[in-house]
Amino acid sequence: MSVIRRLSPGTVNRIAAGEVIERPAAAVKELVENALDAGARRVIVNAEGGGLNRLVVDDDGRGMDAETLALAVERHATSKLPIDAEGEDDLLHITTMGFRGEALPSIGSISRLTITSQAEGEGDAWTIAVEGGETSEVRPAPPLGRPGTRIEARDLFYATPARLKFMKTERAEDNAIADMMKRIALSRPDIAFQLTLDGRSRLNLAAETGAEPDARKARMAAILGRDFGDNALEIDQAREGVRVSGFASLPTFNRGSAMHQYLFVNGRPVRDKLLHGAVRGAYQDFLARDRHPVVALFVDLEGGGVDVNVHPAKAEVRFRDAGLVRGLIVGALRHALAGAGHRASTTVSGFALGAARPQGSQPLPPSYRPMQSWGAPPPSQFAETASSLLGGHSARVEPDWQARNETETAAPEPDRPLGVARAQLHETYVVAQTGDGIVIVDQHAAHERLVYEKMKAAMAGRGVPKQALLVPEIVEMDEADLKRILERGEELAELGLSVEPFGPGALAVREVPALLGKLDVQGLIRDLADELAEYDAALSLKEKLEEVVGTMACHGSVRSGRRLTGEEMNALLREMEATPHSGQCNHGRPTYVELKLKDIERLFGRR
């Protein structure tokens, strides 16, 4: 029979340290947050060996005197927890990053810790050491020359060899430290941060000045790259005492993982499933399942509306009204995305221009003959040349290149955002001329988005109009797929698709959404069966509306390989300009690329 016994203080400290300090990045987080709570304006971090060999955090905060320094390394001793009206410690209205008083004793119990500090207004500095949980006396130290604190932790986890075995490679730990520093730096653009890993500078950020949105955007551009700054939408919405602010990327500026989503609650970096789910929900209309937006969102609310004391490392929070917070985030993001209209990421055009840069001279074809004069060829010769170049299915040009009368004035420059259609290439891409460049549109992706938005609007209104087929389309399929389709027959009917059984292993499609026009019914039904196979049986189609409608829109849109007239191309451009979110298809890919004239001129050495 086992006997219950009290654990030794050293064991208790090491267990507690394992909850708070799980890896070097967690130690960096706790120490940097302490520096910020102390009023530091500059924080310098040095790490060696992935932070396991040596970790130094230096700040210019208020510092500590000898008495305070001795208390700082005691467990559950803190200056940050407020006192309520009844004289009790208030865990609901916390305004500091830390509040438990566990960081320093936890780090000291698993490493060789030295703290040197000089209090504000004093000329003397003091130092204390903690090694494996054993604390030395406070001793005088050489002055730092300024108020602040320097904390050095050597041989992290030496006192807990079992935990040391589970550490990742030095490179992985370095990356985790850098990621943590970026998250903290994003939350405080008014503070300067410096990070050095094994003698190499990894982060060097000056304090940003100016108004809050401008300072945040400048810090985000410094950390996430200038491309993010150029493709970010400002977010600022408030409701019932909760405010959501920050920046979010255009759907076409996305990443393969959610690692580039930075979320903060009352200035505290968190990894909260509710918040990440809200971001995912806001973008589910615009991105494929395996793509993720880049966001930096700040949720601010009264302390009583959020509990930060639900995770040992304070990485998660719990909201009193989680539905309000989630709804506000989703609404704020969708409002910003709707305001972006047909705007697409500038990185797309940048990539296109980079790929188009000349890589050296190319040999001219044998049939090439230089012109003998700079005059224009006669119209007949031009027509003959154009016909030979544009023959077949590769390209077509709008017939407004016909020879003009010399007295005829040039047509005014297009002033539409997406310009005026000039040509169609490879029966897939529409080329339009704008006032200061050209636009290349993927006709299938663009029309897919337009059809999708129309179907959504119809669903929200009086329902999707149906078009009866003169001859029902009979689709033969596997019994399991057939069962999935027929079980959702009523829900599909709400989306404009009427199906009914037609003997064993087949179904009949009698009506289709009128918006889709002529479409491949067989392919649509089979794709829908595949979509339904991935859903939970308890989910309704309305809960997965985006995927289902997206599949329908894909089948009902203008396909690649279809020739369009000039009127059709211009109608497509005008409709894109009037439709929100038309800058990306349903999978987050851009529907058009815009190349500015000045950039094209640089390609040819004109600038």
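Report on the accompanying structure. (Residues numbered from 1 in each chain as written. Predicted model: local features only at pLDDT ≥ 70, side-chain atom pairs only at ≥ 80, totals over all residues. Heavy atoms only, no water.)

**So, the overall build of the protein chain**
- Check the secondary structure of the protein chain and you find 19 helices and 26 strands.
- Taken over 607 residues, the protein chain has a buried fraction of 45%.
- Taking contacts inside the protein chain between residues at least 6 apart in sequence as the whole, the part at least 24 apart equals 70%.
- For the protein chain, the accessible area works out to roughly 31,200 Å², and carbon and sulfur atoms hold 51% of it. (Helix = DSSP H or I, 4+ residues; strand = E, 2+ residues; numbered from the N terminus. Buried < 20%, exposed > 50% of the residue type's maximum accessible area, 1.4 Å probe, protein only. Contact = heavy atoms within 4.5 Å. Areas by Shrake-Rupley, 256 points an atom, 1.4 Å probe, with all protein chains shown as cover.)

**Section: the sheet that holds strand β25 (residues 506–513)**
- Across the sheet, which stays open at both edges, the three strands sit in the order β23-β25-β24 with antiparallel pairing between neighbours. Among the strands making up the open sheet, the edge pair consists of β23 (466–476) and β24 (498–501). Along the sheet, successive strands turn relative to each other by an average axial angle of 20 degrees, direction set aside.
- Relative to β25, β24 is paired through four bridges, and the arrangement is antiparallel. The residue of β25 that forms the bridge with serine 498 is glutamate 511.
- Against the sheet, helix α16 (residues 521–533) contacts β23, β24 and β25, and its axis sits at roughly 70 degrees relative to β23. (Pairing = 2+ DSSP bridges. Axes fitted to C-alpha atoms, helices over the stretch in contact; angles between N-to-C directions.)

**Re the sheet that holds strand β14 (residues 268–270)**
- Pairing is mixed across the open sheet formed by five strands, whose spatial order is β10-β11-β16-β13-β14. The open sheet is flanked by β10 (232–239) and β14, the only strands paired with a single partner. Ignoring which end each strand starts from, the neighbouring axes of this sheet average 20 degrees apart.
- In this sheet, β14 lies alongside strand β13 (residues 261–265) in antiparallel orientation, the contact comprising three bridges. What sits directly across from phenylalanine 264, in β14, is proline 269.

**Focus on the side chain of arginine 449**
- You can see arginine 449 is positioned in helix α13 (residues 443–460).
- Looking at arginine 449, the relative accessible area reads 0%, which means it is buried.
- Reaching out from arginine 449, the side chain makes a polar contact with the side chain of glutamate 453 at a distance of 2.7 Å. (Polar contact = N/O pair within 3.5 Å; in protein donor to acceptor, adjacent residues only side chain to side chain.)

**Here we look at the environment of leucine 55**
- Considering the arrangement of structural elements, one finds leucine 55 in strand β2 (residues 54–59).
- Owing to a relative accessible area of 0%, leucine 55 belongs among the buried residues under this scheme.
- Taking the C-alpha atoms as reference, leucine 55 lies 9.5 Å from leucine 113; in sequence the two are 58 residues apart.
- Ignoring sequence-local partners within four residues, the contact set of leucine 55 consists of Pro24, Ala27, Val28, Val45, Asn46, Ala47, Ile151, Glu152 and Ala153.

**Brief notes about the packing of helix α2 (residues 24–37) against helix α6 (residues 170–187)**
- Following both chains from N to C, one finds α2 and α6 inclined at 25 degrees, their axes separated by 8 Å at the closest point. It follows from the interaxial angle that α2 and α6 lie roughly parallel. In this structure, the crossing between α2 and α6 has a hand that is right-handed. Residue-level inspection shows Pro24, Ala25, Val28, Lys29, Val32 and Leu36 of α2 in contact with α6, the latter providing Glu173, Ala176, Ile177, Met180, Met181 and Ile184. (Parallel < 35°, antiparallel > 145°, perpendicular 65-115°, else oblique. Left-handed = near helix turned anticlockwise from the far one by under 90°.)

**Some remarks on the environment of valine 308**
- Looking at where valine 308 falls in the secondary structure, it is placed in the loop between β17 (306–307) and β18 (318–319).
- We classify valine 308 as buried; its relative accessible area is 10%.

**Some points on the pairing of strand β21 (residues 429–434)**
- Direction of pairing for strand β20 (residues 420–425) relative to β21: antiparallel, over a ladder of five bridges. By the bridge assignment, valine 420 is partnered in β21 with glutamine 433.
- Following β20, the chain reverses through three residues before pairing antiparallel with β21; histidine 426 in that reversal takes a positive phi of roughly 50 degrees.
- Inspection of the sheet shows β21 paired to strand β22 (residues 437–442) by six bridges, in the antiparallel sense. Paired with valine 431 across the bridge in β22 is isoleucine 440.
- Where β21 folds back onto β22 in an antiparallel hairpin, the turn is made up of two residues.

**Here we look at the nonpolar core**
- Judged by nonpolar contacts, the single largest core of 57 residues is most densely connected at Val32, Val43, Val45, Ile115, Met181 and Phe193.
- Looking at which element gives the most residues to this core, the answer is α6, with eight residues.
- The residues contacting valine 32, other than those within four sequence positions of it, are Val43, Val45, Val57, Met181, Ile184 and Phe193.
- Counting residues in hydrophobic clusters, the runner-up holds 35 residues, among them Val295, Leu324, Ala332 and Ala340. (Core = buried A, V, L, I, M, F, W, Y, C linked by side-chain atoms within 4.5 Å.)

**Notes on the pattern of salt bridges**
- Within this structure, the stated rule accounts for 25 salt bridges.
- As a salt-bridge pair, aspartate 436 and lysine 596 come within 3.2 Å of each other at their nearest N and O atoms. Remark: lysine 596 occurs in strand β26 (residues 592–596) and aspartate 436 occurs in the loop between β21 and β22; sequence separation between them is 160 residues.
- Relative accessible area serves as the criterion here: at 38%, aspartate 436 is assigned to the partly exposed category.
- The class for lysine 596 is partly exposed, based on a relative accessible area of 28%.
- The salt bridge involving glutamate 453 is made with arginine 449; its shortest N-O contact spans 2.7 Å. Note that glutamate 453 and arginine 449 are positioned in helix α13 at a spacing of four residues, about one turn of the helix. The residues glutamate 453 and arginine 449 share a single accessibility class, namely buried.
- Three or more residues joined by partner-sharing salt bridges are found here, namely Glu48, Arg54, Glu152 and Arg154. (Salt bridge = Lys/Arg side-chain N within 4 Å of Asp/Glu carboxyl O.)

**Here's the deal with helix α7 (residues 212–224)**
- Taking 1.5 Å as the rise per residue, α7 with 13 residues should run 18 Å; its terminal C-alpha atoms sit 18 Å apart, in good agreement.
- Of the residues making up α7, those classed as buried are Ala215, Arg216, Arg219, Met220, Ile223 and Leu224. One face of α7 carries all of its buried residues, which in axial projection span an arc of 140 degrees.
- Glycine 225, located one to two residues past α7, shows a positive phi value of around 105 degrees. (Expected span 1.5 Å × (residues − 1). Arc of directions from axis to C-beta.)

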